[in-house]
Amino acid sequence: MSTLTGQMTRSFRFVQRFDWRKNIIYVGFVVVLILFAVFLGDSGFTTANNLLNIARQTATISIMAVAMTFVIATAEIDLSIGSVAGLSSVVSALALSSYGLVAGILAGLLVGLVVGAVNGGLVALLKVPSFLVTLGMLGLVVGLARWITASAPVPIADDIFIQTFGGGDVAGIPSLLIWAVVIVALGAVVMNKTKFGRQVRATGGNTQSAMFTGVNTARIKFYVLMLSGVVAAIAGMLYAGRLQSGRFQWGTGDELSVIAAVILGGTSLFGGRGAIIGSLFGALFIGLVNNGLILAGLDVSQQQVVRGAIIIVAVALSSKKVSR
Amino acid sequence: MSTTPVLAVEMTGITKAFSGVPVLREVGFELSVGEVHALAGENGAGKSTLMKILQGVYQRDGGDVKVAGELVSLPDTFAARSAGIGMVFQEFSLIPTLTVWENIFLTAEPMGRFGLINDSLAREKAEAIFSDMGVSVDVTAQLENLPTALWQLTEIAKALAQNARVLIMDEPTASLAKHETNALFELIERLQARGISIIYISHRMDEVYRVADRITVLRDGRNALTAKLSDVTPAQIVAAIVGREMSGIMAHEDRSAQISKEAVMTVTGLASGKNLSNITFDLHRGEILGLAGLMGSGRTELVNTLFGIDRATAGTITMNGTTVSIRNPKHAISLGLALIPEDRRAQGLVLEHSVQENITLPLLDELKSGPLLGNAKIFARAAEIIGKFSIKVADQTMPVSKLSGGNQQKVVIGKWLGTDPDILMMDEPTAGVDIGTKKEILAMVRQIADDGKAVIIISSELPELLSVSDRILVLRDGEVIRDLARADIPSEEFLQLAVQGA
C-alpha cells in the first residue's frame, strides 16, 4: 500500500516537475501524429510518400526557424525573412539567366547579407527595436522584388541550380531534406557547443549582465540578424529551385509560421533560451497539421481557422510555466 | 616572493567629482593579503564610488591605485578583472537562463576540438571550484531555478574562475537566511586562508565584528576611521559613520498636539510568509510613524502587505474598529490606504505622460462628464493639487519626465493625496533628491499629517526619519524589535545602534 502511494507520489512529482514548456512540442507532435494516423490512415496519411512530402514541404520553414531561434534567443525578432526569401529568389533567378550559376547563387546570398546587415546595423547600432526595423523591411523588400520583376515570375532553366536547390535528389534523398538536416545540425551545434551560441543566449537572458561579463551584445545582435537574412536568402533559393522560377510571392507569410514553429519548440519570446531541435519539431508539427487538414477534406478557409486555433493552443501550452 | 608583506590593494589620495560636486576627497584605503576589510558609511558617503573606481567602472580624478604592489590605471572593468579584482553580489552579472557552469565560464569557456566548447571539462572545472569552496552545487542546474544563496555562490565561483585575488562583497547577506549567512561566513574564512582578500561592505555591525579584521568608515567623501575591529567599539564606529554635527534643517518638530488618541489602524500579530512575523502596532490619526531597519529587514514588505501586494498569512488588521482582510491594492485604496512605492519611476509614474494625466489617473471616475472625461474638471483638479504642494511646473501638460527628481516625487505624492486616503504610506520618499527638495518633501509630509491623515514613512536616512517621525518602529529580520516614541530617542547614534542590532 505504502509503496503504491510512494509510486503515485513519485509519478505525481514527475508530472509536476516535467518541464512542459520545453517538451510540449514533442508530446504534441506524437499526439497529433497518432491522431492523424488513426483517423486519416485511410486517406493515405501514413504512406511513406505523404510523410516524405510533409518533410519536404516544411524544409524551408525548418531552415528559417533555425536562424529565427538565434534571433529570438537574443530577445529580438525578424519579420522580414519571408520577403527576403522572395527577393532572393528573383534576384538569384535574374542573375542566373544573365551571368550564370555562380553569379546567381552569390547574388541570392548577397540579398540576404545586405538586408540582414541593415537590419542588424539598425538594431545594434541605432538601438531601433527589431520589430519595427524588420516590419519596415518586410514591406520595403517585397516592393523591391515586385519592382525589379514588374511582379512577373522569372523562370529558371539552369539544371545544376535546380538540382542543388531543392529540385533534385542525392542517392534518392531529396536535396531539400539534406539542406534542412545540415542546417539544423549546424544550428544545434553552434547554439549549444560554441561561444557564439552561449553569448547569444546570454544576450537574450539578461543583456546587462552579459555586457558586464564581457559579451559584446550589440555585435551578437548584429550577427544573428545578418545570419537570419542569409538563411532566409538560402530558403528563397530553395523555393526558386524547387519551383523552377523566382517570384516575389515565394516565402510570403512564412515569418509567421517560422515564429510559431520557434515558439512551439520551446524558445521563449523573452530571450535567453534557444531550442534548435525544438524549432525543427515545431516546423514539422505545423507541416503535419497543414497536411492532415488537407487530407481531412477541409477547404482552404476552414484550414486557416483550424490551423490558427491549433497554433494558439499549442503556443499557449508551450509558454505556460507550471508552478514549482 | 618578497619578504616585506605586499598589500593586495592600496588606494591613496583618491579624488572624484561628479559634475563639479566632489564625492571623494583624498580618500585612502588599504587591504592586506588574506584580510577581510569592512567598508562602512551612510548612503552618499562615497563607498560605492570608491569601489566602482577599484572595479574600473568610474575613472578617478586623482590619486593612485596599486594592486599587489603595482600601480594600475583601471580604465575599464576588463582591466580591473585582469588585475584580479572580482565583484560579487551584483546580481546583474549572471544570466538566469543559463546553467551554473555556463555562467561561471561565460566568455572564458574551456575549448576543445573544432572550436567547440569542452562541456565535460567545463563542468569538471566548475565542480572543482565549488569543492575548493567547500560547497556542493549542481552545476548543470539552470540558475533561475536556484535560490538566491546559490546565485551568490555562483558569483563567487565565477570570480574565482577568473583568478580574482580580491573580492568585493556588497551587503552579501541582505537576502540570505540565517543558516545561509553562516555558510557564507565559513566560506569567507576558507577564502581568506587561501590568500584571497575581501572588501566587505555592510551596515550590519554584528556581521562586521564577526567576519572582518579591520574597518574603514567614510563620511562625506573623506576617511572618518580606519581601525582594527579588536580596537574599536560599535559606538565609536557609529560615531564615525554619523559624525558629530547634526544638520540644522533636519531638526525635529514636536507634533504631539496634532496626534489624536483615536487609532485609525491596529495591526496585531501580522505575518507574511517568511518575510514578516508577529508585527503589532497602532497608528493614530495625525501621526507620522517612521519605519527604520536595514535593507531586507521587512520595512518594504510591511507596507506591501498592508497595501495588499504581499499576502498576509497570519494576524489581524483593524481599521476604524472593523477587522479587514486586504485582498489587493484596489481593495486597499477603497479602504482609504495609499502607497507611494520606492521606485517611483517604475511604479508610481508614467513618465511620458503629462503632469496633469499622472495626477488625475487615480481620480478618473470622479472627473467624468457622462462617459467622457471632462477636460476642464481635470485641469482644475490638477491645478489645485499642484498649487497646494507648490510643485514647480511651468505647464501642467508637460511630460513628467521633464521635471526634476524632487518635483517628480511631489507629483507622485500629490497624485495619491488626490484620492483622499486616511493612511498614506511612503517607501523612501526622498531617495535621490537634493537636500533642499528633501526639506520641502518632509514639510509636505508634516502638512499631510496636520490635515488629520496618518502617515507611515520608510527611510534609510536616519536624520531624516528622526526629523519627521513622531514614533519609530525598528525592524529586523521581519520583526519589530523596538517601538520608540520620538522623545525617547536621545540621539542618532542611539537609533543607529538599534537599527544595526549591536
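Residues numbered from 1 in each chain as written. Chains lettered and ligands numbered in written order. Predicted model: local features only at pLDDT ≥ 70, side-chain atom pairs only at ≥ 80, totals over all residues. Heavy atoms only, no water.

Undergrad: Give me the lowdown on the overall build of chain A, citing residues and values where you can.
TA: A count of helical and extended segments in chain A gives 14 helices and four strands. A globule of 324 residues ought to have a C-alpha radius of gyration of about 20 Å, and chain A, at 21 Å, matches this closely. Along the longest, intermediate and shortest principal axes, the C-alpha atoms of chain A span 80 × 60 × 40 Å. Here the analysis covers contacts within chain A between residues at least 6 apart in sequence; of these, 76% occur between residues at least 24 apart. Of the roughly 14,800 Å² of accessible surface on chain A, a fraction of 69% belongs to carbon and sulfur atoms. (Helix = DSSP H or I, 4+ residues; strand = E, 2+ residues; numbered from the N terminus. Rg over C-alpha atoms; globule rule 2.2 N^0.38 Å. Contact = heavy atoms within 4.5 Å. Areas by Shrake-Rupley, 256 points an atom, 1.4 Å probe, with all protein chains shown as cover.)

Undergrad: Quick rundown of the nonpolar core? Include the residues and the values.
TA: All names here are of chain A. Within the largest apolar cluster, 82 residues are counted, with the highest numbers of intra-cluster contacts made by Met68, Val258 and Phe285. Looking at this core element by element, the count peaks at 13 residues for helix 3 (residues 48-73). Excluding its chain neighbours within four sequence positions, the residues that come into contact with Phe285 are Ile25, Gly28, Phe29, Val32, Leu264, Ile310 and Ala314. (Core = buried A, V, L, I, M, F, W, Y, C linked by side-chain atoms within 4.5 Å. Buried < 20%, exposed > 50% of the residue type's maximum accessible area, 1.4 Å probe, protein only.)

Undergrad: I'd love a proper account of the domain arrangement of chain B, names of residues and values included.
TA: In terms of domains, chain B is made up of domain 1 (7-242), domain 2 (248-336 + 421-502) and domain 3 (345-420). Spacing between the C-alpha centres of domain 1 of chain B and domain 3 of chain B amounts to 43 Å. (Domains from an automatic or database assignment.)

Undergrad: Give me the interface of chain B and chain A: which residues, what numbers.
TA: Contacts between the two partners involve 24 residues from chain B and, on the opposite side, 24 residues from chain A. Of the roughly 2,100 Å² buried between chain B and chain A on both sides combined, carbon and sulfur atoms contribute 55%. Where chain B touches chain A, the interface holds four salt bridges. Across the pair Arg198(A) and Glu102(B) runs a salt bridge, and its minimum N-O distance is 3.5 Å. When residues of the side of chain B that touches chain A are traced back to their parent elements, those giving at least two are helix 2 (77-82) and helix 3 (100-104) of chain B. Within the side of chain B that touches chain A, the residues separate by chemical class into 11 nonpolar, six polar and seven charged. (Buried area = accessible area lost by both parts, 1.4 Å probe. Salt bridge = Lys/Arg side-chain N within 4 Å of Asp/Glu carboxyl O. Nonpolar A, V, L, I, M, F, W, Y, C, P; charged D, E, K, R; others polar.)

Undergrad: Mind laying out the pairing of strand 2 (residues 21-32) of chain B, listing which residues take part and the relevant values?
TA: Residue and element names in this part refer to chain B. When strand 1 (residues 7-18) meets strand 2, the two strands line up antiparallel, connected through eight bridges. The residue bridging Ile14 from the neighbouring strand is Val27, located in strand 2. In sequence, strand 1 turns back onto strand 2 through a hairpin of two residues, with Ser19 there showing a positive phi of about 35°. (Pairing = 2+ DSSP bridges.)

Undergrad: Just give me the short version of the confidence of the model for chain A, but keep the residues and values in it.
TA: Taken residue by residue, chain A gives an average pLDDT of 88. The fraction at 70 or more is 91%. Put simply, helix 1 (residues 2-17) of chain A is where chain A has its lowest mean pLDDT, 55, and helix 5 (residues 101-124) of chain A is where it has its highest, 96. (pLDDT = per-residue confidence, 0-100.)

Undergrad: Hey, could you go over the sheet that holds strand 11 (residues 263-272) of chain B for me, with residue numbers and the actual values?
TA: Residues and elements named next belong to chain B. Here four strands make up an open sheet; going across it, the order is 12-11-14-15 and the pairing antiparallel. Looking at the sheet topology across the chains shown, the edges are occupied by strand 12 (276-284) and strand 15 (322-324). Along the sheet, successive strands turn relative to each other by an average axial angle of 20°, direction set aside. Taken together, the five bridges between strand 11 and strand 14 (residues 314-319) define a ladder with antiparallel strand orientation. (Axes fitted to C-alpha atoms, helices over the stretch in contact; angles between N-to-C directions.)

Undergrad: Summarise the packing of aromatic side chains; cite the residues concerned and give the values.
TA: The way to describe two aromatic rings as a pair is by their centre distance and the angle between their planes. One pass over the full model with this rule turns up 10 aromatic pairs over all chains. Ring geometry for Phe36(A) and Phe45(A): centres 5.5 Å apart, planes at 80°, overall edge-to-face. Here Phe45(A) falls in the buried class, since its relative accessible area comes to 1%. Both rings, one in Phe185(B) and one in Tyr200(B), keep their centres 6.5 Å apart while their planes meet at 55°; by these two values the pair is tilted. Pair noted here: Phe185(B) is in helix 6 (residues 178-193) and Tyr200(B) is in strand 8 (residues 197-201), with a separation of 15 residues, a long-range link. Exposure remark for Phe185(B): the relative accessible area of 3% places this residue in the buried category. Note on Tyr200(B): relative accessible area 0%, which makes it buried. Here the aromatic residues Phe70(A), Phe196(A), Phe222(A) and Tyr223(A) are joined through ring pairs into a cluster of three or more. (Phe/Tyr/Trp six-rings, centres within 6.5 Å; stacked < 30°, edge-to-face > 60°.)

Undergrad: Describe the environment of Pro147(B), and please don't skip the residues or the numbers.
TA: All names here are of chain B. Relative to the helices and strands, Pro147 is located in the loop between helix 4 (119-133) and helix 5 (148-161). Among the residues examined, Pro147 registers a relative accessible area of 43% and is labelled partly exposed. Expressed as a C-alpha distance, the spacing of Pro147 and Leu176, which sit 29 residues apart in the sequence, is 9.5 Å.

Undergrad: Talk me through the pattern of salt bridges; I want residue IDs and the actual numbers.
TA: What the rule picks out here adds up to 18 salt bridges over all chains. A salt bridge links Lys221(A) to Glu76(A); its shortest N-O distance comes to 3.0 Å. Within this pair, whereas Lys221(A) is found in helix 11 (residues 217-243), its partner Glu76(A) is found in the loop between helix 3 and helix 4 (81-99), the two being separated by 145 residues in sequence. Glu76(A) shares its class with Lys221(A); the two are buried. Notably, a salt bridge pairs Arg273(A) with Glu144(B), separated by 2.8 Å at the nearest N-O pair. In this pair, Arg273(A) is assigned in the loop between helix 12 (254-264) and helix 13 (276-295) and Glu144(B) in the loop between helix 4 and helix 5, connecting two distinct chains. Counted as one network, the salt bridges with shared partners bring together Arg198(A), Arg201(A) and Glu102(B).

Undergrad: How would you sum up the side chain of Asp427(B)? Please name residues and give values.
TA: All names here are of chain B. With respect to the helices, strands and loops of the structure, Asp427 is situated in strand 19 (residues 423-427). Buried charge Asp427 goes without a salt bridge, the closest partner of opposite sign being Arg299 at 5.6 Å. Here Asp427 is in contact with Thr300, Ile340, Pro341, Glu342 and Ile458, once residues within four sequence places are set aside. (Lys, Arg positive; Asp, Glu negative; His and termini not counted.)

Undergrad: Could you give an account of the side chain of Glu35(B), with specific residues and numbers?
TA: With respect to the helices and strands, Glu35(B) occurs in the loop between strand 2 and strand 3 (36-40). Leaving out residues up to four positions away in the same chain, Glu35(B) has contacts with Glu30(B), Gln192(B), Ile196(B), Ser197(B), Ile198(B), Asp213(B) and Arg214(B).

Undergrad: Outline the packing of helix 4 of chain A against helix 5 of chain A, listing residues and values.
TA: All names here are of chain A. Between helix 4 and helix 5, the shortest axis-to-axis distance is 7 Å and the interhelical angle comes to 150°. Overall, the two elements helix 4 and helix 5 adopt an arrangement that is roughly antiparallel. For the element pair helix 4 and helix 5, the recorded crossing hand is right-handed. On the side of helix 4, the interface is formed by Val84, Leu87, Ser88, Val91, Ser92, Ala95, Leu96 and Tyr99, while helix 5 contributes Leu101, Ala103, Gly104, Ala107, Gly108, Val111, Gly112 and Val115. Residue composition of the contact of helix 4 with helix 5, grouped by class: 11 nonpolar, five polar and no charged. (Parallel < 35°, antiparallel > 145°, perpendicular 65-115°, else oblique. Left-handed = near helix turned anticlockwise from the far one by under 90°.)

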